[in-house]
Structure formats: C-alpha cells, structure tokens
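Observations on the three-dimensional arrangement
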Amino acid sequence: MKKEQYLGVSVSPLTYDQIITDMKTRIQRGEQSTVIAVNPEKVMTARRDPLVKDLINNSTYQIADGVGMIIAAKLKKGELKERVTGVDMMGRILQMAAAENLGVFFYGAKEATVKKAKENLEATIPGLRVVGYENGYVKDQNALLEKIQTSGAQIIFVALGSPRQELWIRENMPKLPEVKVLQGVGGSFDVYSGNVQRAPEFYRRAGLEWLYRLMKEPKRLKRQMALPKFLAAVITSRGDKK
Ligand code: UDP
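Just so you know, these numbers come straight off a predicted model, no measurement behind them. (Residues numbered from 1 in each chain as written. Predicted model: local features only at pLDDT ≥ 70, side-chain atom pairs only at ≥ 80, totals over all residues. Heavy atoms only, no water.)

Some words on the overall build of the chain
- Counting its regular elements, the chain contains 13 helices and 8 strands.
- Seen along its three principal axes, the alpha-carbon backbone of the chain occupies a region of about 50 × 40 × 35 Å.
- Across the 242 residues in the chain, those meeting the buried criterion constitute 50%.
- Per element, the accessible surface of the chain, about 12200 Å² overall, is 53% carbon and sulfur.
- Counting 39 positive and 26 negative side-chain charges, the chain places the centres of these two groups 6 Å from one another. (Helix = DSSP H or I, 4+ residues; strand = E, 2+ residues; numbered from the N terminus. Buried < 20%, exposed > 50% of the residue type's maximum accessible area, 1.4 Å probe, protein only. Areas by Shrake-Rupley, 256 points an atom, 1.4 Å probe, with all protein chains shown as cover. Lys, Arg positive; Asp, Glu negative; His and termini not counted. Charge placed at Lys NZ, Arg CZ, Asp CG, Glu CD.)

Structural notes on the nonpolar core
- Ile93, Phe106, Phe157 and Phe189 are the most contacted members of the largest nonpolar core, which totals 37 residues.
- The element contributing the most residues to this core is helix 5 (residues 86–100), with 8 residues.
- Both domain 1 (1–83 + 199–242) and domain 2 (85–196) contribute no fewer than three residues apiece to this core.
- When residues no more than four places from it in sequence are discounted, the contact partners of Ile93 are Ile20, Met23, Val35, Ile155, Phe157, Val181 and Gln183.
- Core analysis: the second largest hydrophobic core is formed by 23 residues, Val9, Val43, Ile56 and Phe230 among them. (Core = buried A, V, L, I, M, F, W, Y, C linked by side-chain atoms within 4.5 Å. Domains from an automatic or database assignment. Contact = heavy atoms within 4.5 Å.)

Some details on the packing of helix 4 (residues 67–75) against helix 13 (residues 226–236)
- Where helix 4 contacts helix 13, the two axes come as close as 10 Å, and the packing angle between them is 15°. In terms of their interaxial angle, helix 4 and helix 13 are classed as roughly parallel. Note that helix 4 runs across helix 13; the crossing there is right-handed. Contact with helix 4, carried on its side by Gly68, Met69, Ile71, Ala72 and Leu75, involves Leu227, Phe230, Leu231, Val234 and Ile235 of helix 13 and no other residues of that element.
- In terms of residue class, the contact of helix 4 with helix 13 is built from 9 nonpolar, 1 polar and no charged. (Axes fitted to C-alpha atoms, helices over the stretch in contact; angles between N-to-C directions. Parallel < 35°, antiparallel > 145°, perpendicular 65-115°, else oblique. Left-handed = near helix turned anticlockwise from the far one by under 90°. Nonpolar A, V, L, I, M, F, W, Y, C, P; charged D, E, K, R; others polar.)

Considering the side chain of Gln62
- Tracing the chain through its elements places Gln62 in strand 4 (residues 61–64).
- The class for Gln62 is buried, based on a relative accessible area of 0%.
- Looking at Gln62, its side chain comes within polar contact range of the main-chain oxygen of Ser59, at 3.1 Å.
- The contact partners of Gln62, leaving out residues within four places of it in the chain, are Lys3, Ser10, Val11, Ser12, Ile36, Val38, Ile56 and Asn57. (Polar contact = N/O pair within 3.5 Å; in protein donor to acceptor, adjacent residues only side chain to side chain.)

Some points on the pairing of strand 7 (residues 155–159)
- Within strand 7, 5 of the 5 residues are buried, which leaves the element mostly enclosed by the surrounding structure.
- Alternating positions in strand 7 separate into two faces, Ile155, Phe157 and Ala159 on one and Ile156 and Val158 on the other, with burial throughout.
- Bridging between strand 5 (residues 104–108) and strand 7 involves 5 bridges; their strand directions are parallel. By the bridge assignment for strand 7, Val104 is matched with Ile155.
- As paired strands, strand 7 and strand 8 (residues 181–184) are joined by 4 bridges and run parallel to one another. Looking across to strand 8, one finds that Ile155 is bridged to Val181. (Pairing = 2+ DSSP bridges.)

Observations regarding the layout of surface pockets
- One number sums up the size of the largest pocket: a volume of about 1500 Å³.
- Lining the largest pocket are 47 residues, with Asn39, Glu41, Arg213, Arg220 and Arg223 positioned closest to its centre.
- Broken down by element, the lining of the largest pocket gets its largest block of residues, 5 residues, from helix 11 (residues 209–216).
- The residue makeup of the lining of the largest pocket, split by class, is 17 nonpolar, 16 polar and 14 charged.
- Size it by volume and the second largest pocket reaches roughly 360 Å³.
- Every residue lining the second largest pocket is counted, 13 residues in all, and those nearest its centre are Glu82, Arg83, Arg204, Arg205 and Gly207.
- Among the elements that line the lining of the second largest pocket, the one with the most residues is helix 10 (residues 201–205), at 3 residues.
- Among the residues making up the lining of the second largest pocket, the classes are represented as 4 nonpolar, 2 polar and 7 charged. (1 Å grid on protein atoms, 1.4 Å probe; cavity = no way out; pocket = protein on both sides within 12 Å on 5 of 7 lines; lining within 4 Å. Points joined across faces, edges and corners; volume = space filled by probe spheres on them.)

See below:
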C-alpha cells in the first residue's frame with residue numbers, strides 16, 4: 001500500500017473513500033486492520049521514542065490528522081492533499097458498519113461519555129449496531145476482553161488517549177481475532193457525546209482548527225509548539241521523503 005514518509009514516520013496518502021474501499025476488501029479476506037491518527041505532535045514524539053514510531057509505522061492506515069501534515073506534504077511535494085481526521089474516519093467506518101451489518105464496540109472515556117456517544121450515534125446512523133461498550137477506567141482486562149468477544153463485535157474504537165490506546169490495540173489485537181478493524185480515536189467519544197464542541201466549519205476549512213482549540217484551551221500551547229518544530233525539521237530534512 002502506498003505510503004509517504006515524514007521524518008521517518010509513515011502516512012497513508014489515501015482519502016476516506018479509498019480507505020473504506022481497501023478496508024472492506026481486507027475484511028472480506030479476514031485480515032485485521034488498524035487505523036492510527038498521525039499529527040505533528042505524534043511525529044515529534046516518534047522521533048524520540050522508537051516504540052511510538054514502531055506503533056505508527058506498523059499500523060495499516062496512518063491517517064493525516066492535522067493541518068501540519070498537509071503543509072509538510074506541500075513542502076515535500078507529497079501526494080497527501082487533505083486531512084483525514086480521526087473523528088470523521090470513525091464516522092465513515094460507522095456508516096460502513098451499518099451498511100455491512102457489522103457489530104461495533106466502544107472502549108474508553110468516562111462512563112457517561114461513552115454511553116451518550118453510543119446513544120447519539122445509534123440515533124443518527126440508521127442500522128448501526130453498537131453491540132457493547134466499556135468506559136476507559138475499568139481495571140479488569142480479562143473481563144473486558146471477554147465482554148468484547150461475547151459481544152460479537154467486528155470493529156472496535158479505543159479512546160484512552162495516545163499512545164495508551166495504540167499500545168492497547170497492539171497488545172490485544174491477537175487476542176481478538178474476530179475483530180477486524182481497530183481504531184484509536186482519542187477524544188472522539190467526547191465529540192460524539194456532545195461534551196466537546198468541534199471547531200466551527202470556518203476554522204476547519206481554513207486549516208485553523210488548532211487556533212480555535214488554542215483560544216478555547218490556552219494550556220494547549222505547549223502541545224501545539226510541536227507544529228513549528230515539526231515544520232522546521234521537515235524543511236531541513238531535504239532527503240527524507242520517500
Ligand atoms: N481516557 C480513558 N482512560 C484513561 C485516560 C483517558 O478513557 O485512563 C480517555 C479520556 O476520558 C478521553 C480520551 O481518553 O475521553 C482521550 O483523551 P485525550 O483527549 O487526552 O487524548 P488525545 O486524543 O489528546 O490523545
């Protein structure tokens with residue numbers, strides 16, 4: 001599958017539709033797929049931490065969630081054209097699940113959040129079957145795995161924050177052979193539950209979602225400093241893109 005490299009980290013230059021089409025083929029073949037969101041903050045972490053780099057590069061789809069990745073693609077003349085966000089990718093996978101009658105499991109976030117996200121999504125996506133859910137603070141992992149297995153879910157969304165959710169996916173994927181798609185979704189249950197508002201359309205279209213989030217939550221500045229550092233590193237890494 002086609003990939004682009006930014007500072008040694010793989011990114012899939014695929015659209016939502018291309019990912020869904022490819023994913024359906026893999027499901028038919030009985031193969032498991034993982035989806036991981038890549039943004040400048042994660043790339044900078046991956047540069048320091050080989051485990052994070054390994055987690056990203058060994059995923060099936062590395063989606064470019066973050067305008068910084070699109071700017072990097074422009075600088076490197078890559079094929080990556082548009083953001084593929086974790087929250088929208090999850091929405092597209094849910095629509096596919098409803099159309100193909102595949103059961104879905106939600107794991108992560110606070111109890112009230114994950115429950116509300118499930119209710120809201122079932123009310124808005126006709127035919128969607130959320131066959132089980134669990135909050136992200138349960139301790140008994142064996143009971144959790146059993147719950148997932150008996151639910152009959154074939155798709156699971158994990159919202160524990162990064163890189164915990166990706167580590168969880170890597171560790172538990174072999175124990176859940178019936179689950180064919182695993183996506184780490186960060187704060188997406190918070191968004192679908194209605195607890196957290198996404199940036200208005202204007203900011204998203206202008207590639208300024210980061211600015212909106214910064215205005216809402218000024219303490220994000222430290223995390224967002226990864227963006228200029230990332231771009232500076234990309235500019236000076238002339239030979240890096242493959
Ligand atoms: N979370 C969880 N268990 C934990 C820590 C975090 O379920 O032990 C949940 C948290 O409630 C939130 C989600 O993980 O709903 C994503 O957290 P955050 O927004 O910090 O992650 P990011 O997307 O920024 O990596």
